[in-house]
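# An overview of the molecular structure
The lines below spell out each chain.
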Amino acid sequence: MGQKWLMKSEPDVWSIDQQKKAGAKGAPWDGVRNYQAAKNLRGMKKGDLCFFYHSNIGKEIVGIVEVIKESFLDKTDKSGRFVAVQVKFKEKLKRNVTLEEVKNTKALSHLSLIKQSRLSVMPIDSKSWKIINKMSNT
């Protein structure tokens, strides 16, 4: 069982529905320009699962994607310093889990989602992964 993550995307830029339409070949998760988030991308392994979080609009966990290709140079980065990973759609959550619900769940209060709200890619421990899945009825 691989590592678990949470990846944020603004739904008007890249949504869970667009991710689903990308199909089995998936799509690159690129455009990350934060060093800590980029380090997290480099740590991802093929088969790792990630919560898909709609940021800015909605502010909720809406689905799960799977890493299908480990870190490679981000074609959108002219400096050559940043990486991307390839992810494919796995499933939509049966019920979206809002940021507010995460904040109000004591067992999740340690998550970077709350503590480092600007971080776009973060690890999720297995206990928190189970709690969020239970909250979503998935």
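Presented here is an overview of the structure given in this document.

Thresholds, definitions, all that
- Residues numbered from 1 in each chain as written.
- Predicted model: local features only at pLDDT ≥ 70, side-chain atom pairs only at ≥ 80, totals over all residues.
- Heavy atoms only, no water.
- Core = buried A, V, L, I, M, F, W, Y, C linked by side-chain atoms within 4.5 Å.
- Buried < 20%, exposed > 50% of the residue type's maximum accessible area, 1.4 Å probe, protein only.
- Helix = DSSP H or I, 4+ residues; strand = E, 2+ residues; numbered from the N terminus.
- Contact = heavy atoms within 4.5 Å.
- Pairing = 2+ DSSP bridges.

## As for the nonpolar core
By size, the foremost hydrophobic cluster in this structure holds 37 residues, and its most contacted members are Met7, Trp29, Leu41, Met44 and Ile61. Elements that contribute at least two residues to this core include exactly strand E1 (4-9), helix H2 (35-43), strand E3 (49-54), strand E4 (60-73), strand E5 (83-98), helix H3 (99-103), strand E6 (121-124) and helix H5 (126-135). Looking at which element gives the most residues to this core, the answer is E5, with six residues. Excluding residues that lie within four positions of it along the chain, Ile61 makes contacts with Leu6, Phe51, Phe52, Tyr53, Leu93, Asn96, Val97, Val102 and Ile132.

## Notes on the environment of Leu99
Here Leu99 lies in helix H3. Once the C-alpha coordinates of Leu99 and Leu113 are considered, the two residues, 14 residues apart in sequence, prove to be 8.1 Å apart. Leave out the neighbours within four places in its chain, and Leu99 touches Tyr53, Lys59, Glu60 and Leu113.

## Thoughts on the pairing of E5
Pairing geometry for strand E2 (residues 27-29) and E5, over three bridges, is antiparallel. For Trp29, the partnering residue across the bridge sits in E5 and is Val85. With ten bridges joining them, E4 and E5 adopt antiparallel strand pairing. By the bridge assignment for E5, Phe72 is matched with Ala84.

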